[in-house]
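Each chain, letter by letter, is given below.
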Amino acid sequence: MLIENATGIFTGLPGAAMRTSGAIRIRDGVIVEIGALQAQPGERRLDASGCVVYPGLISTHHHLFQSVMKGVRSGINLPLAGWLRSVPYTFWSKIDEEALAVAARIALSEMLLSGTTTVADHHYLFSDSFRFDPAQVIFEVARSLGMRLVFCRGGATKGRHFDTDEFVPMPIEKLDHMLKSVEACAQRFHDTSPGSLSQVVLAPTTPTWSIDPGELKEAIAAARRMKLRLHSHLSESSEYVDFCLSVHGKRPVEWLAEHDWLGPDVWFAHLVHLDSNEVQILASTGTGMAHCPQSNCRLGSGVAPADAMARLGGAVSLGVDGAASNEAADMISEMHSCWHTHRAVKGADAVTAEDVVHWATAGGARVLGLPQIGTLAPGQQADIAIFNLNQPRHFGMHDPLIAPVTCAGSASVRYLLIGGRIVVENNAIPGLDIERLRSDAARVVAQLAA
Ligand SMILES: [Zn+2]
């Protein structure tokens, strides 16, 4: 396969190496050449004229089940704790197998149509009351769409302070049960081969409130023994910091350092409220950040110091977070907001469009430990987004390569490839029945609201 005639290529690499041009040759799902190339006999040619080419975008934090909980009125103007109580905690027990499959299909379709090829889903609804395996449901939907999925198996070993009689408390389980379940999930779905489409991660929902402090070391040791990465939420709101300081006498990152919960095999969502020492610790240990600017804006949480962490060589990536706290849960919108929010509060040189693309591609690959994706270079998996700049919003651009970030709006995807396989063509997902998905979504929303 040969991708030819593109206006330009963003490679995902930092600095001047971000920009290149020419054609891209793909063989057996892998990029073999980039440059001035001529089509070979029998080669399939993808015309990218009028388009810019990016690595497939990578989201490192999402909650797919929340895609049937967008714009819930009781939570629309609340900050994190009130929103958690009014939205996910209120509805979680109604997320049956059908609702979960529909939500996952909505979320992953949105992501594909924004040029995203890899999604990390943090799923924390595991209950004995469910007669289905959430991992199997979500992996099946991802597989049917050809998406690369990193399944972060969440959960809690203790309840939150806002559990009350008004709703079914969130499920909790013993740590031993959680670890055995993760191990079984990994045996089924964790594939470490090159080009793997499915990974499993251990992901207790948050170390501050979802797991007993005495279990933290056992959890990370188990993850490392199973050769799985660790993911969690951290320091999303100032409450995390206040809680840690009052209960443990330390700020969250310093407290986690004592429990071995840092390192290049660990990443946290949000990390909004960090002091400069915590930024330094995260960067020097290679601990990753899933920066979720839109969710942080929507919930009024603040702006994470992603730029400061990146300047220290830290592992920064982008995540859309769940659609219940980010109704625009797609990577084009997320990149655009990221570019804007840092500049609004720190100045026009705080974050460039190239920085944002790097975080959304190579940064995501680093955080997820998947070096074969996130950049366009020979030997890399052919995960490639070809954005068509064919709308009035793109006309008049002097630097078309940055248009998907700076102009944003709904992406126009001429082709999206995952491992060399076409998963989106001219803004359509082959085999996806949009009308059926629309009616499925309406039925699930009516059931949740009833
Ligand atoms: Zn989250």
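Residues numbered from 1 in each chain as written. Predicted model: local features only at pLDDT ≥ 70, side-chain atom pairs only at ≥ 80, totals over all residues. Heavy atoms only, no water.

For the protein chain, an unreviewed UniProt entry supplies the name Cytosine/adenosine deaminase and the organism Bradyrhizobium lablabi. Per UniProt, the comment on the protein chain under Sequence similarities (unreviewed entry) is "Belongs to the metallo-dependent hydrolases superfamily. ATZ/TRZ family." (UniProt positions renumbered as here; feature names shortened; annotations may be inferred.)

Some remarks on the pattern of salt bridges
Tallying each qualifying case throughout the model produces 21 salt bridges. Across the salt bridge formed by Glu98 and Arg443, the nearest N and O atoms sit 2.2 Å from each other. You can see Glu98 sitting in helix H3 (residues 97–113) and its partner Arg443 sitting in helix H15 (residues 434–449), a full 345 residues away along the chain. Judged by relative accessible area, Glu98 falls into the partly exposed class, the value being 31%. For Arg443, a relative accessible area of 36% puts it in the partly exposed group. Residue Arg436 pairs with Asp440 through a salt bridge whose shortest N-O separation is 3.7 Å. (Salt bridge = Lys/Arg side-chain N within 4 Å of Asp/Glu carboxyl O. Helix = DSSP H or I, 4+ residues; strand = E, 2+ residues; numbered from the N terminus. Buried < 20%, exposed > 50% of the residue type's maximum accessible area, 1.4 Å probe, protein only.)

Regarding empty space enclosed by the protein
Tallied over the entire structure, the rule returns 2 cavities of 30 Å³ or more. Of the voids in this model, the largest cavity is the one considered here, and its volume is about 290 Å³. Around the largest cavity sit 30 residues that line it, and Leu84, Tyr89, Tyr124, Arg160 and Thr205 are the ones nearest its centre. Of the residues forming the lining of the largest cavity, the biggest block, 3 residues, is contributed by helix H1 (residues 80–86). In terms of residue class, the lining of the largest cavity is made up of 12 nonpolar, 13 polar and 5 charged. Together, Ile332, Phe387, Asn388, Leu389, Gln391, His394, Ala403, Pro404, Ala408, Ser410, Ala411 and Ser412 line the second largest cavity. Looking at the lining of the second largest cavity, the elements that each hand over two or more residues are strand E16 (384–388) and helix H14 (403–406). In terms of residue class, the lining of the second largest cavity is built from 7 nonpolar, 5 polar and no charged. (1 Å grid on protein atoms, 1.4 Å probe; cavity = no way out; pocket = protein on both sides within 12 Å on 5 of 7 lines; lining within 4 Å. Points joined across faces, edges and corners; volume = space filled by probe spheres on them. Nonpolar A, V, L, I, M, F, W, Y, C, P; charged D, E, K, R; others polar.)

Quick notes on the side chain of Thr205
Structurally, the position occupied by Thr205 is in the loop between strand E11 (198–202) and helix H6 (216–225). When neighbours within four sequence positions are excluded, Thr205 is seen to be in contact with His122, Tyr124, Gly154, Gly155, Ser210, Ser232 and His233. (Contact = heavy atoms within 4.5 Å.)

Details of the sheet that holds strand E4 (residues 23–27)
Spatially, E5-E4-E1-E6 is the arrangement adopted by the 4 strands of the open sheet, whose pairing is mixed. Strand pairing shows two members of the sheet lacking a second neighbour, strand E5 (30–35) and strand E6 (45–47), which therefore form its edges. Put simply, the sheet's adjacent strands are angled 20 degrees from each other on average, direction ignored. In the sheet, E4 pairs with E5 via 5 bridges, with the strands oriented antiparallel. Counterpart to Arg25 in the pairing with E5 is Glu33. (Pairing = 2+ DSSP bridges. Axes fitted to C-alpha atoms, helices over the stretch in contact; angles between N-to-C directions.)

Things to note about the nonpolar core
Counting residues in each nonpolar core, the largest one holds 125 residues, and the members touching the most others are Tyr54, Met69, Ile95, Leu112 and Met335. The dominant element in this core, judged by the number of residues it contributes, is H3, at 10 residues. Three or more residues apiece are contributed to this core by two domains, here domain 1 (2–55 + 374–425) and domain 2 (57–368). Those residues in contact with Met69, other than ones at most four positions away along the chain, are Val87, Pro88, Phe91, Ile95, Ala324 and Leu448. One finds Ala48, Val53, Ala382 and Tyr415 within the second-largest nonpolar core, a separate group that totals 17 residues. (Core = buried A, V, L, I, M, F, W, Y, C linked by side-chain atoms within 4.5 Å. Domains from an automatic or database assignment.)

Some details on the coordination of the zinc ion
Taken together, the protein donors to the zinc ion comprise His61 (NE2), His63 (NE2), His233 (NE2) and Asp321 (OD), at separations of 2.1 to 2.6 Å. The sequence motif formed by the donor residues of the zinc ion is H-x1-H-x169-H-x87-D. Placement of the pair is His63 in the loop between strand E8 (57–62) and H1 and Asp321 in the loop between strand E15 (315–318) and helix H12 (331–346), with a sequence separation of 258 residues. (Donors = N, O, S within 2.8 Å, 3.2 Å for Na, K, Ca; no water.)

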